[in-house]
Amino acid sequence: MRYSLPAVAALAALSSLHAQRPASLPDGGSDRWIVTFTSRPFDLTPLREALASPTTAHTAATVAADLEARAAEHHAPVTALVTNLGGRTLRHWWIVDACHVELAARAVDALKAH
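Residues numbered from 1 in each chain as written. Predicted model: local features only at pLDDT ≥ 70, side-chain atom pairs only at ≥ 80, totals over all residues. Heavy atoms only, no water.

1. Quick notes on the overall build of the protein chain
Then comes step 1: What the protein chain contains, in helices and strands, is 3 helices and 5 strands.
Then comes step 2: Intrachain contacts of the protein chain at a sequence separation of at least 6 include 55% that bridge at least 24 residues.
Then comes step 3: Carbon and sulfur atoms form 56% of the exposed surface of the protein chain, whose accessible area is close to 6700 Å². (Helix = DSSP H or I, 4+ residues; strand = E, 2+ residues; numbered from the N terminus. Contact = heavy atoms within 4.5 Å. Areas by Shrake-Rupley, 256 points an atom, 1.4 Å probe, with all protein chains shown as cover.)

Structural data, given as structure tokens:
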């Protein structure tokens, strides 16, 4: 089953998180949240340049893979915190600089405090 989640969370340099509570999962356990970061240590210029130049699809894919890896590295502290809070990170998004996490609602305040 798929869940439609509004992208409403904001994480500013790992200092605050504001989220709108999504619908609970059917098992009554954790909820799924979208965490968006307000800044990151890289931008998408290399991808823009690769797509604007006469390049191969392989080159653009290589640049995209690098940016995806950099986003996962940037998200690593949040991923570790979510894991420590008993949750899990389901996916990293690098274009919008966000991650999708599954975490009990009672643990979201601890994530906000970080």
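Next, the rest of the story.
2. Side note on helix α2 (residues 57-84)
Then comes step 1: Here α2 contains 28 residues, and its C-alpha end-to-end distance of 39 Å stays within 8% of the 40 Å for a straight helix at 1.5 Å per residue.
Then comes step 2: Here α2 has its buried residues at A60, V63, A64, L67, A71, H75, V78, L81 and V82. (Expected span 1.5 Å × (residues − 1). Buried < 20%, exposed > 50% of the residue type's maximum accessible area, 1.4 Å probe, protein only.)

3. What to know about the pairing of strand β4 (residues 88-93)
Working note: regular strand, side chains alternate between the two faces of the sheet.
Then comes step 1: Summarising the sheet, β4 and strand β5 (residues 98-103) pair through 5 bridges and their orientation is antiparallel. If you follow R88 over to β5, its bridge partner there is E102. (Pairing = 2+ DSSP bridges.)

4. As for helix α3 (residues 105-113)
Then comes step 1: Those residues of α3 not exposed but buried are A107, V108 and L111. Looking straight down α3, one finds that the buried residues subtend no more than 120° of arc, so they occupy a single side. The outward face of α3, more than 90 degrees from its buried face, is lined by the exposed residues R106, D109 and A113. (Arc of directions from axis to C-beta.)

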